[in-house]
Each structure stands twice: as C-alpha cells, then as structure tokens.
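# Observations on the three-dimensional arrangement
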Amino acid sequence: MKTVRRDVFWYGFVAGFSALFFSACQPAREASTPPPEPPRNGASVSLPDARYEIVKPTLEQQDEQGRTLWKLEAQSLQAETQSEKAQGVLVQVKGWLYREGKPVLEFRAPYARANADTREVEAWGNVVAASKTNDARLEAGRILWKSRADRIIASERVFLKWGALELRERALHVDTALEKVWGTP
C-alpha cells in the first residue's frame, strides 16, 4: 500500500472530486520534487492503478453557493484507483451534515464514504448521530444521507431517542436534523 503526502492528495482531491467516491489520490513524491501545478482550463488528472492510504484526511463538499454540505474527518482513507476511476472508504469517521451551510447533525461511525455527484454520504458499522438543533439521538447499523431530499435512511437496529420518547425499528426515514421521522415505505 502506498502512502500519500497530504498536500499532494489535496491537490488531486480538489482537482478530481467530481469522480465517483473520493477521487484523485496522487502517489507520494520525493521531498525534493515540488508539488504539481493545478490543471488549467478544465484539464483532468490521470491516476495510476494503485491502492492508497491517506492518514487523517478531512473532506468536505460545498453547494453552488459555496455553503458546506458535509464534512468528514477520519483516521484514514483507504482508496483504490483502477481504469481512471477512484473509490475509497474512510475509517474511524467523525462527520457533520449541514442544512443551508449550518451543521445540523454530527455523527461517528467506523466507516463512511461520500458521492460528490449525488451529494450523498453513507456511514456504517454502528453509527451514532446527534442533532445540533434539538436533543435527538440516532443509532443505526447504517445511514444513508440524501442531501437533496434532506433525508436520512437509517437501517439495521435503528434506535431514535427524542427526550423521553424512544423508538426502535428495523429502518426509519428522518430529516437531517432529526426533527421529523417517517416509517419505511
């Protein structure tokens, strides 16, 4: 597994983020080699087929108005590039989901990934989330956040607590701030 310098990764990450799942990791370069210049006029980044591990990455995405949609911090990003496509999984994640540029949910999970094209964040492996707008708390084996719909689909041993009210289900749909809940269709 190759180790990637953080500054080189961020250059590649920013330049190629439109690819599916945490794209554009660059292999490590010698310390004497200056970082590459950013691509100009929409030029793309070419990636070699390889496996990468990036230590302590912080990733985020903004909307068209420049407001943050989500932010993820992790102990590591395990990524793979193959045939000009990249995908990766964050390990030991702390994340924030935003509504109109303000954080409304904070979560922790063993694993997560995001899709910049669909603006979705998925976390799994015993997710624990807390609303930043009320005292609601959500625990689930897996969550899928669909930012465009302002919805979280929670599944696998779901536990939702609002003050004294506790709800246990196999799956639930909730809004991003854990203010509203719907049963599964």
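The structure presented is a predicted model; accordingly, all values stated were derived computationally and were not measured.

## Points about the overall build of the protein chain
Across its full length, the protein chain holds one helix and 11 strands. Counting helices and strands in the order they occur from the N terminus, the protein chain gives β-α-β-β-β-β-β-β-β-β-β-β. Looking at the protein chain as a whole, 42% of its 185 residues are labelled buried. Sequence-distant contacts in the protein chain: of pairs separated by 6 or more residues, those separated by 24 or more amount to 43%. Summed over its atoms, the accessible surface of the protein chain is roughly 10000 Å², and 47% of this surface lies on carbon and sulfur atoms.

## Let's talk about the pattern of salt bridges
Counted according to the given criterion, the structure contains 14 salt bridges. Here Glu 122 ties to Arg 142 by a salt bridge, and the two come within 2.6 Å at their closest N and O atoms. Here the residue Glu 122 occupies a position in strand E7 (residues 120-131), and Arg 142 occupies one in strand E8 (residues 137-146), the gap between them amounting to 20 residues. Classification of Arg 142 as partly exposed rests on a relative accessible area of 26%. Here the salt bridges share partners, and the residues they tie into one network are Arg 99, Asp 150, Asp 175 and Glu 179.

## Notes on the pairing of strand E10 (residues 165-175)
In this sheet, E10 lies alongside strand E9 (residues 151-162) in antiparallel orientation, the contact comprising 10 bridges. Bridging across to E10, Ile 152 finds its partner in Val 174. Once E9 ends, the chain turns through two residues before running back antiparallel as E10, passing Gly 163 with a positive phi of about 55 degrees. In the sheet, E10 pairs with strand E11 (residues 181-183) via three bridges, with the strands oriented antiparallel. Counterpart to His 173 in the pairing with E11 is Trp 182. Between E10 and E11, which pair antiparallel and follow one another directly, the connecting turn spans five residues, one of which, Leu 178, has a positive phi of 60 degrees.

## Some thoughts on the side chain of Thr 176
Take Thr 176: it is sitting in the loop between E10 and E11. You can call Thr 176 buried: its relative accessible area is 0%. Here the side chain of Thr 176 touches Trp 145 through a polar contact of 2.7 Å, side chain to side chain. A distance of 2.5 Å separates the side chain of Thr 176 from the side chain of Asp 150, its partner in a polar contact. Among residues more than four places away in sequence, those in contact with Thr 176 are Leu 97, Arg 99, Val 104, Leu 105, Trp 145, Asp 150, Arg 151 and Ile 152.

Rules used throughout
- Residues numbered from 1 in each chain as written.
- Predicted model: local features only at pLDDT ≥ 70, side-chain atom pairs only at ≥ 80, totals over all residues.
- Heavy atoms only, no water.
- Helix = DSSP H or I, 4+ residues; strand = E, 2+ residues; numbered from the N terminus.
- Buried < 20%, exposed > 50% of the residue type's maximum accessible area, 1.4 Å probe, protein only.
- Contact = heavy atoms within 4.5 Å.
- Areas by Shrake-Rupley, 256 points an atom, 1.4 Å probe, with all protein chains shown as cover.
- Salt bridge = Lys/Arg side-chain N within 4 Å of Asp/Glu carboxyl O.
- Pairing = 2+ DSSP bridges.
- Polar contact = N/O pair within 3.5 Å; in protein donor to acceptor, adjacent residues only side chain to side chain.

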